Amino acid sequence: MRHMRIKAFVGLVACVGLIAGCSLDEPATPTANMNQLTERYGALGNSLTAGFMGGALFNDGQMAGYPYLISRQMGIEKFEMPLVDQPGIGAPNSLGIPQGMFYVDEFGVITTDNVLDPVGLLLNSLHPVGYDNLGIPGATTFDLANATSAATSQSGGNLFFDLILRNSALPPFNTTQLDQMMALAPDYLSLWVGANDVLGGAAGGNPVAGVNITPGSVWPTLFTPILDAIEMIPGVHVVLGNIPSIPSAPFFTTIPVVADVPGIGSFRWAMDEDTDDDPVIFVLITAPVADPAEQPNYIAELGGTKSLGGQYTLTQSEVDLLDATVDAINSTIASEAAARGWGLADIHALMSSLPNDMSDPATFGRLNSVFPWGAAGQNVFSAFSLDAIHPSEKGYASVANFFIDAFNDTYEMSIPAVDEGAVTNVIGFANSPGFVPPRGRQASAPLYSAEGRDALIGLVELLGADQ
Amino acid sequence: MKRTLLNHSLVLLLAASVLVPSVAYPGGFNIYEQGSRATALGGAFTATADDPSALFYNMAGTAFLREGWALSVNVSPVLPRNKFTRAMGRTAIDFPGDPTAETKDAVFFPTGIYVTYRHDDIWSAGFSFSTPYGLGVEWDNQSTFSGRTESVNAQIEGLYFSPSVTFSPWSHLAIAGGFSLVKTSLELNSIRTTTFGTDNTTYNIADVTLEGTSRLGVGPNAAIMYRPSDRWSFGVNYRGGVLNEFRDDDAEFVQRTTGIGPVDDAVAAELAFLNTKSANADIEFPAILMTGARYEVNEDFGLMVDFIWFDWSSFEEIRLVFSDPDIVGGDPTSVAQVIREDYSDGQQWRFGAEYRISPKLRGMVGFAYDNTPQPTGSVSPLLPDANRLDYSLGLTWEKENLEITAGYMFVDFDERSTVVDGVGQSFEGFDGTYTALVHIPTIGFSYYF
């Protein structure tokens, strides 16, 4: 019996020995072209990409911006942005002092405040690599691949390049937006650039090809090298955004060319550039007549002696130039996207489709009830923020969905759309101290304070880099 | 992770990400082989606990030992071996280096030393030194290992000193209580890299070492042994979690020069800053609840089964802080890093059988299934844990007051990949497949005075 037990035990020893004698297998070689937990989405562009809203870059706007929305919808956990604390950093006013975000004050006036220490507002300036959102307000297509600092930006003094690129602290100390994005090597990339190549000249009222807008024939020479570089990022999925029709923003369309004076009649403003051969088509929101108190001074029939300068108006020929340039740029974007197999987000179509009629609260449009002569709508339905150029929360959500659609269509992805119905415009209202968001409020008062107007003009200058 | 430029916050953050996750993880970090007889029985020893190693497996078992003093020394050398193959695709781009790797040959010596004293039928006591948590994973060819930014070497050892008292009000029941005083040492090494140049060449720029010893940690212990008949025995043993507080421990950054002036200058400046920092971290060894039953088929043949539960779900994240301890009021430039772990509770099933081959000789076999609590995302070169099967056997020879046990356990890990359906799951983006096995010979001596 004992021998049997010993034999049985020896048998067990042999079994375990056989198991233990197996060699360690070589692990299989899997392929993982993506890691959903570490996927990187990068956004390149200008203020529209940065999440600029209401005249400034600030955290609430950045979080409402389309790149952040896309990253969330993609399920990407880490999406780093150059977050700016409130009141944000906007364009400098006429004294050179940066302004904060626009907000509606307790009198219903759009105003802003000085920001004396813009650098101190940066919330994650120590982020050790380039930001995933590399949209820089004011950036032109040239800037994207060439500017490394405020001094080297096309405008020659755009502070945002220093703040976002951080080349004074981030080795190797001389990188452009494109360089930093290349180093990040994102899996997904959106590129939306070109608007500032046209917008500055348009917003300044005197667009001149080769001076303050980039000629459509020249723009491809700036754009395609950027695409060639991006194409070198292994496995990158790219969607390009085209640029909106410039006059589709309320900045250009809010103030009519003809003033209706209740009980008296309609009168065309006195305008320097208004001729029969080349009539003024748009009056800019920066025009003095945005202030009702100034309006009589620009109506000759009522004894007014002033005339709107060319910086406040766009004539038919100027609009034609803008449209032609935008069309040329968008043609290039479309053909490049098709040639490279990339997606195209047709933002031009989106912005052009926005209704001026705000009577349908189920949709939203380009107008904003707080702008003078705005249609009877609510700000919560506007696609534009208080600076009249950059989108509102709702506008950015819609832009995000256009990019998401392009990713899904091009790469057979299934990124869920942003629920636009759940997005409400509150920035600039909810943030104003002691002021209740003016839902349904009708515009009847001067809209921009002197400070606000000054900042708005500064914004035009920020966007108006000579080409 | 490798696509990084260097500044101080970068290095701190990356160092944190490298140094932390290793410090507390799964079944693989727990070393259950604290007694030779228990190891030979596949760890199914909670209801048996019939030698002084009961102080680890079930303190209440001391009530059933011989009267008087007893000493037991158990050594179970652990010989691990791991292999890794990096995933193709994105990981290969982000983590350049050798696509395959193996760990260096190594031997670790978990040791259990137990002293018991059974005063009478009612009271007994004991104290033990054991190492139930510990680890060593050192990769070969470290400078070119593709996972070098994650870890090239991790050594952790928790030393437990555990006194206990057992009370046996009835002959078939004993209850025990005690506590553990714990000191834990760790050494974690990794290599920092950066890319430079138009071709994005990767350079090793610094060796990162974190070395430290925890403050004294304390954890409660309690146990019950119930033997309602000659055939049945039941046991429950609880070993409480222990918080290991590492304070002001060494975090050392040693530069590796690249020969590229701007890079080396930037690295030197940042490392000078970093080397003013110390590392602080809290790491908890989880509580363990052991339950077991033993059935004597006849006087020569016993069967055992244990279910072991580990409270790993409490391990959700690790917060590591680098700061300068000499700054009064706190270092304003300290950097904290939170590492996601997301563990779930761990379970083990352990089975054992024991034959009395002769009056002086017993043969033992065992088997265990160890379900890893480590989520796929945190599987990394620091510890590539996986579900595992343990196979064991051994012999106990006894003569008068001496017992000698020799045994062997083979631990077979499932192959584990961080790539699931073609999608990488690694929290750090370092995807690949791991295989592992461990040999554990064991020998123990027990003497009854």
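Shown above is the structure to which this text applies.
Topic: the environment of E316 of chain B
Residue and element names in this part refer to chain B.
Here is step 1 of the chain: Structurally, E316 can be placed in the loop between β15 (301–310) and β16 (317–323).
Here is step 2 of the chain: The exposure class of E316 is exposed, given its relative accessible area of 51%.
Here is step 3 of the chain: Distance in space between the C-alpha atoms of E316 and Y343 is 6.0 Å, their sequence separation being 27 residues.

Overview of the side chain of N221 of chain B
Residue and element names in this part refer to chain B.
Here is step 1 of the chain: Residue placement: N221 occurs in strand β10 (residues 217–226).
Here is step 2 of the chain: Judged by relative accessible area, N221 falls into the buried class, the value being 5%.
Here is step 3 of the chain: A distance of 2.8 Å separates the side chain of N221 from the side chain of S180, its partner in a polar contact.
Here is step 4 of the chain: In this structure, N221 is in contact with M59, S162, A176, G177, G178, F179, S180, Y238, R239 and G240, ignoring residues within four places of it in sequence.

Here's the deal with the packing of aromatic side chains
Here is step 1 of the chain: For the structure shown, the criterion picks out 40 aromatic pairs over all chains.
Here is step 2 of the chain: With centroids separated by 6.4 Å and ring planes inclined at 20°, the aromatic side chains of F351 of chain B and F367 of chain B adopt a geometry described as stacked. Note that F351 of chain B is positioned in strand β18 (residues 346–358) and F367 of chain B in strand β19 (residues 361–371), a separation of 16 residues in sequence.
Here is step 3 of the chain: Given a relative accessible area of 36%, F351 of chain B falls into the partly exposed group.
Here is step 4 of the chain: A residue is classified by how much of its surface remains accessible, and F367 of chain B, at 29% relative accessible area, is partly exposed.
Here is step 5 of the chain: By the ring-pair criterion, three or more aromatic residues cluster together here, those being Y41, Y68, F79, Y188, F407 and Y411 of chain A.
Here is step 6 of the chain: One residue, R340 of chain A, lies across the ring of W342 of chain A, its end atom 5.6 Å from the ring centre.
Here is step 7 of the chain: Taking the ring centre of F64 of chain B as reference, the NZ or CZ of R227 of chain B above it sits at 4.4 Å.

Remarks on a nonpolar patch on the surface
Residue and element names in this part refer to chain B.
Here is step 1 of the chain: A cluster of nonpolar side chains, contributed by I122, W123, V165, F167, I175, I224, Y226, W232, F234, V236, Y238 and L289, occupies part of the molecular surface with about 980 Å² of accessible area.
Here is step 2 of the chain: Going through the elements one at a time, β7 (153–170), β10 and β11 (232–239) are the ones with two or more residues in the nonpolar patch.
Here is step 3 of the chain: Broken down by element, the residue count for the nonpolar patch peaks at four residues, all from β11.
Here is step 4 of the chain: As for its placement among the helices and strands, I224 is situated in strand β10.

So, the nonpolar core
Here is step 1 of the chain: By size, the foremost hydrophobic cluster in this structure holds 127 residues, and its most contacted members are Y41, L191, I230, F251, F252, W269 and V283 of chain A.
Here is step 2 of the chain: Considering each element in turn, this core owes the most residues, eight residues, to helix α13 (residues 393–411) of chain A.
Here is step 3 of the chain: Counting residues in hydrophobic clusters, the runner-up holds 59 residues, among them V152, A206, M290 and F322 of chain B.

Let's talk about the pattern of salt bridges
Oppositely charged side chains may form a pair once their charged atoms are brought near each other.
All names here are of chain B.
Here is step 1 of the chain: Enumeration over the complete set of coordinates arrives at 26 salt bridges over all chains.
Here is step 2 of the chain: When the shortest N-O distance is used, the salt bridge between E354 and R294 registers 2.9 Å. One end of the pair, E354, is in strand β18; the other, R294, is in strand β14 (residues 288–298), with 60 residues separating them in the sequence. As far as burial versus exposure is concerned, E354 and R294 are alike and both buried.
Here is step 3 of the chain: In this structure, a network of salt bridges that share partners links the residues R37, D50, R294, E296, E354, R356, R362, E398 and E403.

Cut-offs used in this document
- Residues numbered from 1 in each chain as written.
- Chains lettered and ligands numbered in written order.
- Predicted model: local features only at pLDDT ≥ 70, side-chain atom pairs only at ≥ 80, totals over all residues.
- Heavy atoms only, no water.
- Helix = DSSP H or I, 4+ residues; strand = E, 2+ residues; numbered from the N terminus.
- Buried < 20%, exposed > 50% of the residue type's maximum accessible area, 1.4 Å probe, protein only.
- Polar contact = N/O pair within 3.5 Å; in protein donor to acceptor, adjacent residues only side chain to side chain.
- Contact = heavy atoms within 4.5 Å.
- Phe/Tyr/Trp six-rings, centres within 6.5 Å; stacked < 30°, edge-to-face > 60°.
- Lys NZ or Arg CZ within 6 Å of the ring centre and 35° of its normal.
- Patch = residues over 30% accessible without salt bridge, like charges linked within 9 Å, V, L, I, M, F, W, Y side chains within 5 Å.
- Areas by Shrake-Rupley, 256 points an atom, 1.4 Å probe, with all protein chains shown as cover.
- Salt bridge = Lys/Arg side-chain N within 4 Å of Asp/Glu carboxyl O.
- Core = buried A, V, L, I, M, F, W, Y, C linked by side-chain atoms within 4.5 Å.

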